[in-house]
Amino acid sequence: MKLIVAIVQDKDSNRLSSGLVKANFRATKLASTGGFLRAGNTTFMIGVDDSQVEAVMNVIRSSCKVREQLVTPVTPMSGTTDSYLPLPVEVQVGGATVFVMPVERFEHF
């Protein structure tokens, strides 16, 4: 048995949730925050048999896409800001960060 922990951007959360339900996988969703943009994320915890890992990974791949987003950097906290002109920067967002871990024991009450 494996525990799949997938951290996805909130914009991909509903699509992934629907994809998992459609493929008959159960998941626990947790609201989380972090990453480069300190934006909202959703962490999915999915317990599956070893043979189902690739099927779940395919659902995650098809639901969570990387995309470009314009971001304006935050003004520096120290130093002079007279000459600082924050220009928008294009960064990649989205996709998924996925961890697959072995489960030694599973019980359902």
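Residues numbered from 1 in each chain as written. Predicted model: local features only at pLDDT ≥ 70, side-chain atom pairs only at ≥ 80, totals over all residues. Heavy atoms only, no water.

Colleague: In this structure, what is going on with the overall build of the protein? I would like to understand it.
Modeller: Within the protein one finds two helices and six strands. Counting helices and strands in the order they occur from the N terminus, the protein gives β-α-β-β-α-β-β-β. Each of the 109 residues in the protein was classed as buried or not, and the buried ones make up 26%. Carbon and sulfur atoms form 55% of the exposed surface of the protein, whose accessible area is close to 7,800 Å². (Helix = DSSP H or I, 4+ residues; strand = E, 2+ residues; numbered from the N terminus. Buried < 20%, exposed > 50% of the residue type's maximum accessible area, 1.4 Å probe, protein only. Areas by Shrake-Rupley, 256 points an atom, 1.4 Å probe, with all protein chains shown as cover.)

Colleague: Is there a simple way to think about the side chain of threonine 42 in this case?
Modeller: With respect to the helices and strands, the residue threonine 42 is situated in strand β3 (residues 39-48). A distance of 3.4 Å separates a polar atom in the side chain of threonine 42 from a polar atom in the side chain of serine 13. Filtering out sequence-adjacent residues up to four positions away, threonine 42 remains in contact with Ala6, Ile7, Val8, Asp10, Ser13, Lys29, Leu30 and Ser32. (Polar contact = N/O pair within 3.5 Å; in protein donor to acceptor, adjacent residues only side chain to side chain. Contact = heavy atoms within 4.5 Å.)

Colleague: Sorry if this is basic, but what is going on with the pattern of salt bridges here?
Modeller: Opposite charge on two side chains makes pairing possible when the charged atoms of those side chains draw close. With the rule as written, the count across this model stands at three salt bridges. Linking arginine 15 and aspartate 12 is a salt bridge whose minimum nitrogen-to-oxygen distance equals 2.7 Å. Highlighted residues: arginine 15 and aspartate 12, both in helix α1 (residues 10-22), separated by three residues, approximately one helical turn. The exposure class assigned to aspartate 12 is buried, which follows from its relative accessible area of 0%. Measuring nitrogen to oxygen at the nearest pair gives 3.9 Å for the salt bridge that ties arginine 61 to glutamate 54. (Salt bridge = Lys/Arg side-chain N within 4 Å of Asp/Glu carboxyl O.)

Colleague: Explanation requested: the packing of α1 against helix α2 (residues 53-63) in the structure shown.
Modeller: Axis angle and axis distance: for two packed helices, these are the angle between their axes and the distance between the axes, and together they describe the pair. Running from N to C, α1 and α2 point in directions that differ by 145°, and their axes come no closer than 9 Å. Note on packing geometry: the crossing formed by α1 with α2 is right-handed. Within the contact between the two elements, α1 uses Asp12, Arg15, Leu16, Gly19 and Leu20 and α2 uses Val56, Val59, Ile60 and Ser63. Here the residues of the contact of α1 with α2 are counted per class, giving five nonpolar, two polar and two charged. (Axes fitted to C-alpha atoms, helices over the stretch in contact; angles between N-to-C directions. Left-handed = near helix turned anticlockwise from the far one by under 90°. Nonpolar A, V, L, I, M, F, W, Y, C, P; charged D, E, K, R; others polar.)

Colleague: Teacher, can you tell me more about the confidence of the model for the protein here?
Modeller: For residues with low pLDDT, the predicted coordinates do not support detailed interpretation. Mean pLDDT for the protein: 84, with 74% of residues reaching 70 or above. Element-level pLDDT for the protein is lowest in strand β5 (residues 89-94), with a mean of 66, against a maximum mean of 96 in α2. (pLDDT = per-residue confidence, 0-100.)

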